[in-house]
Amino acid sequence: MKKIFIILFLLISYAGFAQIPDLERIEPMFWFTKMHNPKLQLLVHGKDIANHQVKINYPGVTLTKVNKVENPNYLFLDLLVSKSAKAGKFTIDFTAKGKKSLTYSYQLKEKSSSPNRIQGVTQKDFIYLLMPDRFSNGDKSNDVVKDLKESSVNRDSMYYRHGGDIQGVINHLDYLKGLGVTTVWMTPEIENDMPLASYHGYAVTDHYKIDPRFGTNELYKKYVEECHVKGLKVIKDIVHNHIGSNHWFYNDLPMKNWLNQWPVYTQTSYRDQPVMDPHASEADKKKMLDGWFVPTMPDLNQRNPYVENYLTQNHIWWIEYAGIDGLRLDTYPYNDEDFMADWEQKLKAEFPHLSIFGETLVSTVASQAFFTGGNTVNRGFDTHLPGITDAVLKDAIYEGLNGKTGWTDGINRIYATMAQDFLYKDPNQNCIFLDNHDMSRFYSMVNEDFDRYKMGMTMLLTMRGIPQMYYGTEILMKNYSNPDGLVRSDFLGGWVTDSVNKFVEKGRTVKENEAFTFVKTLANYRQKNEALQNGKLMQYIPENDLYVYFRYMANNPKGTVMVVINNTDKDKSLDTKRFAERTKGIIKAKDIFSGKEMGISELQIPKKSAMVLELN
Ligand code: CA
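What you are looking at is a predicted structure, and each value in this text was computed from that prediction instead of being measured.

Caption draft 1: Examining the overall build of the chain more closely. Assigned secondary structure in the chain consists of 16 helices and 26 strands. Since a compact globule built from 616 residues should have a radius of gyration of about 25 Å, the 26 Å found for the chain is in line with a globular shape. Once the C-alpha set of the chain is aligned to its principal axes, its extents read approximately 90 × 55 × 50 Å. The buried share of the chain, reckoned over its 616 residues, is 60%. Look at the contacts in the chain between residues 6 or more apart in sequence, and 73% of them connect residues 24 or more apart. Taken as a whole, the chain presents about 24800 Å² of accessible surface, with 51% of it coming from carbon and sulfur. Taken as two groups, the 74 positive and 74 negative side-chain charges of the chain have centres that lie 3 Å from each other.

Caption draft 2: Up close: the domain arrangement of the chain. What the domain assignment reports for the chain is domain 1 (2–109), domain 2 (124–239 + 430–528) and domain 3 (538–615). Each of domain 1 and domain 2 was reduced to a C-alpha centroid, and the two centroids are 36 Å apart.

Caption draft 3: Inspection of the sheet that holds strand β26 (residues 609–615) at higher detail. One open sheet accounts for six strands, arranged β19-β20-β21-β26-β23-β24; its pairing is antiparallel. Two strands bound the open sheet, and with one partner strand each, they are β19 (536–539) and β24 (597–599). Taken over all neighbouring pairs, the strand axes of this sheet differ in orientation by 30° on average, direction set aside.

Caption draft 4: Structural context of the pattern of salt bridges. Taken as a whole, this structure holds 39 salt bridges when the rule is applied. Between Glu-320 and Arg-117 there is a salt bridge whose closest N-O contact spans 3.6 Å. In this pair, Glu-320 sits in helix α7 (residues 305–322) while Arg-117 sits in the loop between β8 (102–109) and β9 (127–130), placing the two residues 203 residues apart along the sequence. Of the two residues, Glu-320 and Arg-117, both sit in the buried class. Where Arg-488 meets Asp-484, a salt bridge forms, and the shortest distance between an N and an O atom there is 3.6 Å. Taking relative accessible area as the criterion, Arg-488 reaches 2% and is therefore assigned buried. The buried category is assigned to Asp-484, whose relative accessible area is 9%. Taken together, the salt bridges that share partners define one network made up of Glu-24, Arg-25, Glu-27 and Asp-206.

Caption draft 5: Here's a closer look at the packing of aromatic side chains. Overall, the coordinates contain 48 aromatic pairs when judged by the stated rule. Ring geometry for Trp-258 against Tyr-310: centres 5.9 Å apart, planes inclined by 65°, an arrangement best described as edge-to-face. With Trp-258 in the loop between β13 (233–238) and α5 (273–276) and Tyr-310 in helix α7, this residue pair connects regions lying 52 residues apart in the sequence. Across the ring face of Tyr-199, the terminal group of Arg-134 is positioned such that the distance to the ring centre comes to 3.9 Å.

Caption draft 6: Fine view of unusual backbone geometry. Here the amide bond leading from Glu-27 into Pro-28 is cis, since omega sits at -5°, within 30 degrees of zero. Positionally, Pro-28 belongs in the loop between β1 (25–27) and β2 (31–32). The omega angle of the peptide bond from Asn-482 to Pro-483 is 0°, so this bond is cis rather than trans. Within the secondary structure layout, Pro-483 lies in the loop between β18 (466–470) and α14 (510–528). Although it is not a glycine, Asp-48 sits at a positive phi angle of roughly 50°. One can find Asp-48 in the loop between β3 (39–45) and β4 (53–56). Here Asp-48 falls in the partly exposed class, since its relative accessible area comes to 23%. A positive phi angle is found at Asn-479, which is not glycine, with a value near 150°. Summarising the element assignment, Asn-479 is placed in the loop between β18 and α14.

Caption draft 7: How the structure looks around α7. In this model α7 runs 26 Å from its N-terminal to its C-terminal C-alpha over 18 residues, within 8% of the 26 Å that 1.5 Å per residue would give. In terms of burial, α7 is a largely internal element, 15 of the 18 residues being buried. Following α7 by one or two positions, Gly-323 has its phi on the positive side, about 80°.

Caption draft 8: Representation of the sheet that holds β1 within the structure. Spatial strand order, β1-β3-β6-β5: four strands in an open sheet with antiparallel pairing. Only two strands of the sheet have a single neighbouring strand rather than two, namely β1 and β5 (61–68). Taking each pair of neighbouring strands and ignoring which way they run, the sheet shows an average axis angle of 25°. Across seven bridges, the pairing between β5 and strand β6 (residues 74–81) is antiparallel. Residue pairing in the sheet places Leu-63 in a bridge with Leu-79 of β6.

Caption draft 9: Seen up close, the coordination of the calcium ion. At this site the calcium ion is bound by Asn-137 (OD1), Asp-139 (O), Asn-142 (OD1), Asp-143 (OD), Gly-163 (O) and Asp-165 (OD), with donor distances of 2.3 to 2.5 Å. All donors of the calcium ion come from a single chain, and their spacing in sequence reads N-x1-D-x2-N-D-x19-G-x1-D.

Caption draft 10: Structural view of the nonpolar core. Ile-92, Phe-94, Tyr-128, Tyr-220, Tyr-223, Trp-258 and Ile-414 are the most contacted members of the largest nonpolar core, which totals 168 residues. If one sorts the elements of this core by residue count, α7 sits on top with 10 residues. Judged by nonpolar contacts, the second largest core, of 18 residues, contains Met-538, Tyr-540, Phe-550 and Ile-586.

Caption draft 11: View of the side chain of Asn-566. Here Asn-566 shows up in strand β21 (residues 556–566). Of note is the side chain of Asn-566, whose polar atom sits 2.9 Å from the backbone oxygen of Lys-570. Apart from the residues within four sequence positions on either side, Asn-566 is in contact with Met-455, Leu-546, Asp-571, Lys-572, Ile-605, Pro-606, Lys-607, Lys-608 and Ser-609.

Caption draft 12: Region of the structure containing helix α11 (residues 411–418). What α11 keeps buried is the set Ile-411, Asn-412, Ile-414, Thr-417 and Met-418. Tucked into the core, α11 has its buried residues touching α9 (365–371), α10 (391–402), α13 (450–462), β19, β20 (546–553) and β21.

So, how was this worked out
- The written sequence of each chain sets the order in which its residues are numbered from 1.
- Thresholds applied to this predicted model are a pLDDT of at least 70 for local features of residues and 80 or more for the giving and counting of side-chain atom pairs; totals over whole chains, interfaces and linings are not thresholded and use all residues.
- Side-chain numbers here rest on the full set of heavy atoms in the structure, without hydrogens or water.
- In this text, helices come from DSSP runs of H or I with a minimum length of four residues, and strands from runs of E with a minimum of two, each type numbered from the N-terminal end.
- As a reference, a globule follows 2.2 Å times the number of residues to the power 0.38, and the radius of gyration itself is taken over C-alpha atoms.
- When accessible area is computed with a 1.4 Å probe and restricted to protein chains, residues below 20% of their type maximum are described as buried, those above 50% as exposed, and intermediate ones as partly exposed.
- Only heavy atoms enter the contact rule, under which two residues are in contact if any of them lie within 4.5 Å.
- Methods summary: accessible areas were calculated by the Shrake-Rupley approach with a probe of 1.4 Å, and residue burial reflects only the protein chains presented.
- Counting rule applied: Lys, Arg positive; Asp, Glu negative; His and chain ends not counted.
- One atom stands in for each charge, and that atom is NZ of Lys, CZ of Arg, CG of Asp or CD of Glu.
- In this document the domain limits rely on a domain assignment from an automatic tool or a database.
- Following DSSP output, two strands are said to pair if at least two bridges run between them.
- To get an axis, fit a line to the C-alpha atoms, keeping to the stretch in contact for a helix; angles then go from 0 to 180 degrees between the N-to-C directions.
- The rule for a salt bridge is simple: a side-chain nitrogen of Lys or Arg has to be within 4 Å of a carboxyl oxygen of Asp or Glu.
- Geometry of aromatic contacts follows a simple scheme: Phe, Tyr and Trp rings, the Trp one being its six-membered ring, pair when their centres are within 6.5 Å, and the pair is stacked under 30 degrees between planes, edge-to-face over 60, tilted otherwise.
- Charge-over-ring contacts are defined here by two conditions on Lys NZ or Arg CZ: a distance within 6 Å of the ring centre and an angle within 35 degrees of the ring normal.
- Helices are assigned an expected span. That span is 1.5 Å times one less than the residue count.
- Distances decide who is a donor: an N, O or S atom must be within 2.8 Å of the metal, or within 3.2 Å for Na, K and Ca. Water is not included, so sites may look incomplete.
- Residues grouped as a nonpolar core are buried Ala, Val, Leu, Ile, Met, Phe, Trp, Tyr and Cys residues, joined through side-chain atoms within 4.5 Å.
- Any pair of N or O atoms that falls within 3.5 Å is considered a polar contact. Within protein, one atom must be able to donate a hydrogen and the other to accept it, and sequence-neighbouring residues count only if both atoms are side-chain atoms.

Printed below as a string of structure tokens:
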């Protein structure tokens, strides 16, 4: 997420908080058998729980250490769960002189053995990003949850909750499937019990609980299962960097350095450069990394080993619990690099097929590559991060569509950007996109020019990387991100009271249907073409203002995809001799939009259009 200038609430004093129960919670509240890492650290929270003796008696489970910390309301229990430990329940007993003993029934659940459960998200996929509060209201009964701080719904205001939920997404999985989407990414679903703007989900207040206004943990699990049954995959959006200031542990911190604390409130600079700049000052770096995101989003201290364990286990817990295929890591550059590299390796050790990409809203290819794995930019350190959100390619496509041609401007910007892929270990793992919830919508950014829209969508769905589309872009939803709420409006038809239903053909305008069909055609084609799913990219220096690239399989020229972008006001002809290296003597191709066969020795490219040909 980018910086959010919502109304800034000053930190409230939490004096007079309700009495903490003797044993309030243990997290993770259950765990799994046969995990790769036998170590498990339980956070125990309860009034003066540190004064208690702890006993566990279960075959295969050993309590190796009881850690007391600054706050006596916490214990951190180090457990070893051997591979021989069987699924089942056991008690954790807490005893103290003169006090009633406390008991927690802990459960080890069977780790799933289903091989296709966590599949990973690759170039074969097409990701649909949506905000659950704004997509569809599938359950009116959860719109207002009385005990939560924002307990009303107001669809007339972009700042308030609108009532959308996970059931609403489940109800529209066939719509997504029909569009050619293969993967769903929702902005965070976990509890955000914040007094204002709680709908966006990036201010977690309980790491182990789906926000009741979106549903329950069980419903989330069911959503992932339903996606898998329909052949769709699921990405979970997670935040390592910060929490919401109403997080339950913010009100009773285990220790002072659980958070990055400052003598006076200090906000991050939102500048990624100090993290990679060889000339940077430590002060600038510290402010970037340890400054708070906004006053209502305190910064977690990821150098604290208890925090490290807490976050890592939480993410492993969600993946194993629900069977998630991929993770999108919010605000990646703001996190501690050692922690993130360690986290990444631990996650991959548990789930080898899991896909991961980090949000890096930065401005150069070098900055993006700095954060990806493989030490390709010689930073002397491997982040182990497979991919990033490719904002630089997005900017290049905008320049290609809106700019005037120059040596490195206009369409040449796209060419020049792709040429820098040498900086990545594997650029195919980058998530590529034209818009998302933190920026102006694509259709507005091309001035509602439908020709440019089609050229942009063509590049999105044929370029290297994993394409992601923002909800509503398929029906030409528009607006500028000032403020953010304007690009987070409701998908009409997602509420039974809506006067139109954009989920169905007859609810859409002619133009919207044209856009929908365009995306659907490309997305479905992508699912059938191996070169787009697994192939390499070859691009040619733009000549005569035409940008030409190929996606191809090295061993088979048949099925090679040729893309020609003509973003000029003139129809152009293109002699294809120059591309012999890729056409390999093939003289015929099929236009994937019209289905027409044609000779390719000379192509006629209408003004402001993209041509996609399959060589055969
Ligand atoms: Ca609802």
